[in-house]
Amino acid sequence: MADVEPGPESLGVSNGKIGMWTFLVMDAMTFAGFLAGYARLRWSPESGWPNPIETFGTLGIQVTAANTFILICSSVSMVHALAEAMNDNLERARTWMLVTIVGGLIFLGVQGFEWTHLILDKWPYLMEVNWVADPSGALQAAMQSIEQHGGYDNLNFAATFFNLTGFHGAHVAVGVMYNFVMYLGLRNGKITGENAELIEIAGLYWHFVDLIWILVFTFVYLI
Amino acid sequence: MRLNTYLPHRVRKYLPLALTVVGLLMIPTLAWAIPGSGEFVSGASAGGEKITQLYNTIAKICLGILIVVEGILLFVIIKFRRTSEDEQPEAVHGNLQLEVGWTLAALLIQIFIGWKSVDVMFDVETDPTTVKSESNPELLVEAIAWQWDWKFRYPSQTFNGEEFETFTSDDLVVPSNTKVELDVTSRDVLHSLYVPALGVKIDAVPGRFNYWWFSAEGPTALPDVGEKATRKENPRSQKKLVTTRSDVPDLMPDTILPTESPYTETTESGYQQVDYLGESRATPEQSPYQKYNAIEYVGMCTELCGKGHWDMYFRTVAMTRSSFADWIEDKKNPGAVETNGKKLYASECQTCHGEQGKGNPPSYPPLRNTKWTNDKEGDDITVEDHIEIVLMGSNAESLKGPTTVKGVTYGGDAMTYSGQNSGLYDEQVAAIVNHERQKSWNNDGVTVNAEDVAKVRKDLGFEPKPAPKPGQIAQDKLMTEGEKLYSGSCASCHGEDGKNGPEVPNVAGSGAVIGGSAKSLVKTLVQGQDTDAPGFQPPVGRNMTNRELAAVLTYIRQSWGNEASPIQPGEVQKARQQLDGSSR
Amino acid sequence: MSTTQAKGFLSPSTEKAEESFLWYLKEWFCTTDAKRIGIMYMAFGVLMGIIGGALSMLIRIELMQAGPDIMSDTFYATLPGMHATLMIFFFIIPIFTGVANFVVPLQIGAPDMAFPKLNLAGFWILPPAGFMVLSAYLVPGGAPGFGWTGYPPLSVQASMGADLWIAGIILVGTSSTMAAVNFLSTVFNMRCKNMTLFQMSLFTWSLVVTSFLILASTPVLTSALMMLELQRTFPAAFHFFDPAGGGDPILYQHLFWFYSHPAVYIMILPGFGLISEVIPTFSRKPIFGYPVMAWSMIAIAVLGFVVWAHHMFTTGIAVEVRMAFMVLTMLIAVPTGIKIFSWLATMWGGSLEFKTPMLFALGFIAMFTIGGLSGVVLASVPVDIQLHDTYYVVAHIHYVLVAGSVMTIWSGIYYWYPKMTGTMYNEFWGKVHFWLTTIFINVTFFIQHYLGLQGMPRRYYDYAPQFEWANTISSVGSFILFAAQFIALVNLIVSIKTGDEVDKNVWGDGTQLEWAAKSPPAHHNFEGDMPVWEPVDRSHGHDDEQAQPSPAE
């Protein structure tokens, strides 16, 4: 992609950066769609939305907050990786990139743990219903299962939770792979100080994912 | 290769002309867009009329803009076409005044249209009344949509001083010129309730009620209520448009709406009769509402809801308030007379004679294998005597004095029951007799029918009492309504007593009235008298409903010494269909 | 087919491709040349347009007479939705993308798009997506019968074909966002010397605006469809649109129309831009009010984002909300009106030449005005509630999309056809095509206004008998309209071989940079000489040497 050079009347940045920015506008709108749906479901009259702090428990919120901190840290390490790469310190850039990747992986791991806990302990009706074997009866079976577990105020609390965190988690996973490709590039010498902009573009994506998480965390866990 | 050189010269010459002709032929279709031609159909309610007027206003403005734009375009095409290859027009890059001008013009037009629309919108949608009153009753109806039909639920309420219990109907039956509140919901997917003539359209969304109101125009010849509900006459109040109610599932138990859709797929080979379309498509269908004084509007679904979307027609029936009261009454007592012998026996006879006809000796005699219920022993008691007993009880000839049945003697005058006094119809008496003579009770199984009962009644000096046929109206009701209609529409010429000669023909004693068929009489009233005959009969019946025509005809045929048979709305509808295919 | 005569970008670039047609084809399929990708977009769009048109023919055959005729209602229910899906997502949008792929790099004096490989990938997402949507007819349960809107709960209830449909639409959305990212990067970063933003052609402008619309709206559709698919697949866990689980069926409509209303502008703005190219060329005058034309497109796009609820006036949203959306909707008519009057003013005092592209442009103005005005009628809430989901809406959308978008597409294809192939199409058959199209668009769709006013709902398998005569007229018109399009196809294909060869500036009066490139252009548009933009000043008379936009020496 980098083989096409900007024209004389360009905005003064590379094509790749503009492409990433426009892509991020689009991705932000996807999240906006999900968040708008979430807002509509949650803040409609008589929605009976549960209090997230009670649902997740103080400990649950704290674990996620720590996870958020890790993701923010990985953004910081991404900045370091870029700075080192621009100064042609490719060794240290590689290390920082590795830190970023590990940060992303830890985030995914904690989120996986959280999902498992929620599905098994908090919302068991999700798993008790065999929707594959009996798709048509699944809804009724789910309702029965919900009643057995004391009932929940609004089933969409769980639905929007998995929807938002899951879609964000997919972005983190893609970001980890993206960063890994950058790491390989640094290791094979394909990325040097001259084309460190590639890392900057990857950084744009990674910071974006981080930013979105702060929104999701605020909406889903805190408010 | 230039293909056009292969076309004959004549074709090339006349091609533009031919295309122009085709284009001109399209102008009639343009006429449909001309506002005010009455093609917008929402005219039968106060709200609908306003919307129609609004449409006409906007359409006029749009047509004006269209003519201006197309006019300029045509002018430009003709005036500024290239005449020589060297032409070099002056380059104009813009004109500030012009641009500001048309921007402002467009803005002003839009503001005008918007202002008009907001006005009508609040007019149509604002709840017209705040307080229900005796003179200004309101009706609440809940419409429940499902794949693929409608159910209308009338929740328990007081309407016009009468209280009724919750019931459901397949059609939207409402009193005319009355504010009707519609709460619309759905059991499964999205639907949309649409009655074009009334200007009613609102989506049916599962899980909630959407609100709309309307006031439908009904029969005009004999309105028994006047006031129309509009905002202008009543204080404004804003009603919440959407309500969420938890009892939605309770409204739709399986007893009201079938869980399995009765809808069957239409295939190329199998033609399925459409309920409402059927009326004009195949055999003329008798409306189940023709006995009421009512006008019908077609209603349908406008939100795609699956394969049966196109087949969700329902009738919207706007009745006079008295007809509406009759309809509710009929809903309470589902019209048809009970003619099931077993059920009648159970309600009329079983208390004394027992379910199996074994009686309860020594107070009540058995009915099994007795001479009264059997002819096979060759005694003097006939089946007519049996009928007489059911009608008269102990006053029957064959029960006079003490009676001995199977060795037990029962006292005279013991049977106080009388079918005559209980108001049984001929058919019902026959059904009881047939039930009592059944073979499983060791009786002969001889059956009788309504005529036999009628004969017995005549012999006893009573009038026969045949059960009313479904869809027919009691004669006295027709007479009362007919009298009103006659004095309103006819008496000014024909006189209150039916005699106003010599210029105007007498109705009393008229051969045409007494001997004429329903069709000829309906034709006279609907179309007016043909010009060959002396005098002039205006088509006073054109705007009357079937019920009104039936009433006025029955009245003139049975008043002032006339003794012709009454005419029922069903006959009027048939006659009207034969005349012009239209029916109200 | 011999490839040796092909010129410019059409010529094979390897020896293998020169010898073997299959290799030549392979070169096309793997090309990163925006011009070739553009032509592939157009070919694919035309193919899907023919299939979508055939589906509409089935609809019109069924409706030609009252009563069930040739198909079951289950099958009929799938037709309106599949027709609309194919026409919107696989015909109009890809064709405009295709035209723009060819024209935009030329007009801004760039050698290619900013991301040529992304461009190719974006194109190759389309055929599988189209195949997925069409293959819904082959799976058990058949194609989805819920219209192109796919409202739940009906779409939750639908059979497996709906999953294919949803996946196909998400893929199309991905493809068009890829194209949008590419266009924006190209236009912002690849312009030639002296070409500032307000020196660009209006067609390029329209693509900028359209790309922003796609970028901001399509993802919302994607998220709505993903939520829908989650609810379909895991009915126990997800209840977004299911009231029994606390969801709201109307939520989907909000998200859907947040995309689909801007989608209408995605489908018409490139047409506006295109007409703004054609009319000055054939009037020998510059466009009237260039900055206003550009700003009005931006205004339409901005307003287009805040009017979506006017598709939902009957769903029971509050009076005040509907009032606000009505006012905003009416405001859109203002910039649209400005455009129409500016086109008329461009022609005023000009020297009009009625070549086929110009005819289509004039037909577009004449008929799009009708579509725009019926839009004004529909914007009024009380009237819209009555006309919602009736044939009036069908007439309106077809006046906008057929008399609007399709007319401009034809105008653009005829306009740039000589540039694409280096040969001229047959003018006579072009005019025949124009007249048949114009006349029978009106025959087909005008009468549908009447049907709607009379209260015939759309998507009906059968109708009341009093609507029969109008439906018959509409059906007959649509048959001829569909058949007439094949005249153009034959004309354009045959003319590749038989048409006269053309010069650079085919129409003699083109002022944009594409007319400075060869016909057909070389592989990298300007053969290595980066052009410099010099606006053509027509007021100094029509001197060939001077009027030609010139690449840098």
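Bear in mind that the values here come from a model prediction, so they are computed numbers and not experimental data.

Criteria and cut-off values
- Residues numbered from 1 in each chain as written.
- Chains lettered and ligands numbered in written order.
- Predicted model: local features only at pLDDT ≥ 70, side-chain atom pairs only at ≥ 80, totals over all residues.
- Heavy atoms only, no water.
- Helix = DSSP H or I, 4+ residues; strand = E, 2+ residues; numbered from the N terminus.
- Buried < 20%, exposed > 50% of the residue type's maximum accessible area, 1.4 Å probe, protein only.
- Contact = heavy atoms within 4.5 Å.
- Areas by Shrake-Rupley, 256 points an atom, 1.4 Å probe, with all protein chains shown as cover.
- pLDDT = per-residue confidence, 0-100.
- Salt bridge = Lys/Arg side-chain N within 4 Å of Asp/Glu carboxyl O.
- Phe/Tyr/Trp six-rings, centres within 6.5 Å; stacked < 30°, edge-to-face > 60°.
- Lys NZ or Arg CZ within 6 Å of the ring centre and 35° of its normal.
- Arc of directions from axis to C-beta.
- Axes fitted to C-alpha atoms, helices over the stretch in contact; angles between N-to-C directions.
- Parallel < 35°, antiparallel > 145°, perpendicular 65-115°, else oblique.
- Left-handed = near helix turned anticlockwise from the far one by under 90°.
- Nonpolar A, V, L, I, M, F, W, Y, C, P; charged D, E, K, R; others polar.
- Expected span 1.5 Å × (residues − 1).
- Buried area = accessible area lost by both parts, 1.4 Å probe.
- Polar contact = N/O pair within 3.5 Å; in protein donor to acceptor, adjacent residues only side chain to side chain.
- Pairing = 2+ DSSP bridges.
- Patch = residues over 30% accessible without salt bridge, like charges linked within 9 Å, V, L, I, M, F, W, Y side chains within 5 Å.
- Core = buried A, V, L, I, M, F, W, Y, C linked by side-chain atoms within 4.5 Å.

1. Some details on the overall build of chain B
(1) Moving on: Broken down by element type, chain B carries 18 helices and 15 strands.
(2) Moving on: Looking at chain B as a whole, 47% of its 584 residues qualify as buried.
(3) Moving on: A sequence separation of at least 24 residues applies to 67% of the contacts in chain B between residues at least 6 apart.
(4) Moving on: A total accessible area of about 28,200 Å² is found for chain B, and carbon and sulfur atoms account for 54% of it.

2. Some thoughts on the overall build of chain A
(1) Moving on: Tallying secondary structure elements over chain A gives seven helices and zero strands in all.
(2) Moving on: Start at the N end of chain A and walk to the C end: the helices and strands fall as α-α-α-α-α-α-α.
(3) Moving on: Burial status across chain A gives 47% buried among its 223 residues.
(4) Moving on: The contacts in chain A between residues at least 6 apart in sequence include a share of 79% that link residues at least 24 apart.
(5) Moving on: Accessible surface, chain A: about 10,600 Å² in total, of which carbon and sulfur atoms supply 65%.

3. Here we look at the confidence of the model for chain B
All names here are of chain B.
(1) Moving on: Per-residue confidence for chain B gives a mean pLDDT of 73, with 73% of residues at or over 70.
(2) Moving on: Below pLDDT 50 for its whole length, residues 34–38 participates in eight contacts with residues either more than four positions away or in separate chains.
(3) Moving on: Contacts for the low-pLDDT stretch residues 225–249, under 50 throughout, to residues beyond four places or in other chains number 67 contacts.

4. Some remarks on the pattern of salt bridges
(1) Moving on: According to the stated counting rule, one finds 18 salt bridges over all chains in the structure shown.
(2) Moving on: C:Arg284 is paired through a salt bridge with B:Glu85; the nearest N and O atoms lie 3.6 Å apart. Pair noted here: C:Arg284 is in the loop between helix H9 (249–283) and helix H10 (290–304) and B:Glu85 is in the loop between helix H3 (46–79) and helix H4 (96–125), and the two residues belong to different chains.
(3) Moving on: Taking relative accessible area as the criterion, C:Arg284 reaches 4% and is therefore assigned buried.
(4) Moving on: Residue classification places B:Glu85 among the exposed residues on the basis of a relative accessible area of 51%.
(5) Moving on: In this structure, C:Arg232 engages C:Asp163 in a salt bridge whose closest nitrogen and oxygen atoms are separated by 2.7 Å. With C:Arg232 in helix H8 (residues 202–233) and C:Asp163 in helix H7 (residues 161–189), the pair connects residues that are 69 residues apart, well separated along the chain.

5. Here's the deal with the packing of aromatic side chains
(1) Moving on: All chains considered together, the criterion is met by 87 aromatic pairs over all chains.
(2) Moving on: Positioned over the ring face of B:Tyr194 is B:Lys201, at 4.1 Å from the centre of the ring.

6. What about helix H16 (residues 518–527) of chain B?
Residue and element names in this part refer to chain B.
(1) Moving on: Burial in H16 covers these residues: Ala-518, Leu-521, Val-522, Leu-525 and Val-526. In a view along the axis of H16, the buried residues occupy a sector of 120°, so they form one face of it.
(2) Moving on: Positive backbone phi, approximately 80°, marks Gly-528, located one or two places after H16.

7. Some points on the packing of H7(C) against H8(C)
Residues and elements named next belong to chain C.
(1) Moving on: Across the interface, H7 lies against H8 with an axial gap of 8 Å and an inter-helix angle of 155°. Looking at the two axes, H7 sits roughly antiparallel to H8. The crossing of H7 and H8 is left-handed.
(2) Moving on: Each residue belonging to the contact of H7 with H8 can be placed in one class, and the counts come to 20 nonpolar, seven polar and three charged.

8. Digging into unusual backbone geometry
(1) Moving on: Cis geometry is adopted by the peptide bond preceding B:Trp148, which originates at B:Gln147 and carries an omega value of 0°.
(2) Moving on: As for its position among the elements, B:Trp148 is in the loop between strand S1 (138–146) and strand S2 (149–154).
(3) Moving on: Put simply, C:Ser519 and C:Pro520 share a cis peptide bond, and its omega is -10°.
(4) Moving on: Inspection of the secondary structure puts C:Pro520 in the loop between helix H16 (468–498) and helix H17 (544–547).
(5) Moving on: Positive phi, normally seen in glycine, also occurs at A:Asp88, with a value near 65°.
(6) Moving on: With respect to the element layout, A:Asp88 can be found in the loop between helix H2 (52–86) and helix H3 (90–122).
(7) Moving on: Positive phi outside glycine occurs at C:Asn525, with the angle close to 70°.
(8) Moving on: Locating C:Asn525 in the fold gives a position in the loop between H16 and H17.
(9) Moving on: According to the relative accessible area criterion, C:Asn525 is buried, its value standing at 3%.

9. Remarks on helix H11 (residues 319–347) of chain C
(1) Moving on: For H11(C), built from 29 residues, the straight-helix expectation of 42 Å at 1.5 Å per residue is met to within 8% by its first-to-last C-alpha distance of 43 Å.
(2) Moving on: Two residues or fewer after H11(C) comes C:Gly349, characterised by a positive phi angle close to 75°.

10. What about the interface of chain B and chain C?
(1) Moving on: Counting residues at the interface gives 101 residues for chain B and 109 residues for chain C.
(2) Moving on: Note on chain B versus chain C: buried area summed over both sides is about 9,100 Å², and carbon and sulfur give 68% of it.
(3) Moving on: Three residues stand out in chain B for area buried against chain C, namely B:Arg82, B:Trp102 and B:Leu304, and they jointly supply 8% of the buried area on that side.
(4) Moving on: Linking chain B with chain C are 19 residue pairs in polar contact (both at pLDDT 80 or more), by the criterion used here.
(5) Moving on: Among the elements of the structure, helix H1 (9–25), helix H2 (27–31), H3, H4, strand S9 (200–204), strand S10 (209–214), helix H6 (278–281) and strand S12 (294–301) of chain B are those that each provide at least two residues to the side of chain B that touches chain C.
(6) Moving on: It is H4(B) that contributes the most residues to the side of chain B that touches chain C, 15 residues altogether.

11. Points about the sheet that holds strand S13 (residues 314–319) of chain B
Residue and element names in this part refer to chain B.
(1) Moving on: Across the sheet, five strands lie side by side as S6-S13-S12-S8-S9; this open sheet has mixed pairing. Each edge of the open sheet is held by one strand with a lone partner, namely strand S6 (172–175) and S9. Taken over all neighbouring pairs, the strand axes of this sheet differ in orientation by 20° on average, direction set aside.
(2) Moving on: Note that strand S8 (residues 191–195) and S12 share two bridges and pair antiparallel. Across the sheet, residue Tyr-194 finds its bridge partner in S12, namely Met-300.
(3) Moving on: Sitting on the sheet, helix H7 (residues 321–332) is in contact with S6 and S13, with an inclination near 135° to S6.

12. Here we look at a nonpolar patch on the surface
(1) Moving on: Taken together, the side chains of A:Trp43, A:Leu222 and A:Ile223 make up a nonpolar region of the molecular surface, amounting to roughly 300 Å² of accessible area.
(2) Moving on: Looking at the secondary structure, you find A:Ile223 in the segment after helix H7 (197–222).

13. Re the nonpolar core
Note on soluble globular proteins: their nonpolar side chains tend to be buried together.
(1) Moving on: Grouped together as the largest cluster of nonpolar side chains are 337 residues, with contacts concentrated most on A:Trp123, B:Tyr154, B:Leu193, B:Trp327, C:Phe90, C:Trp343 and C:Met347.
(2) Moving on: Considering each element in turn, this core owes the most residues, 21 residues, to H9(C).
(3) Moving on: For B:Leu193, the residues in contact, after removing those within four places along its chain, are B:Ala143, B:Trp150, B:Phe152, B:Leu182, B:Val184, B:Val200, B:Lys201, B:Ile202, B:Met300 and B:Phe314.
(4) Moving on: Counting residues in each nonpolar core, the second largest holds 26 residues, with B:Leu344, B:Val390, B:Ala430 and B:Ala431 among its members.

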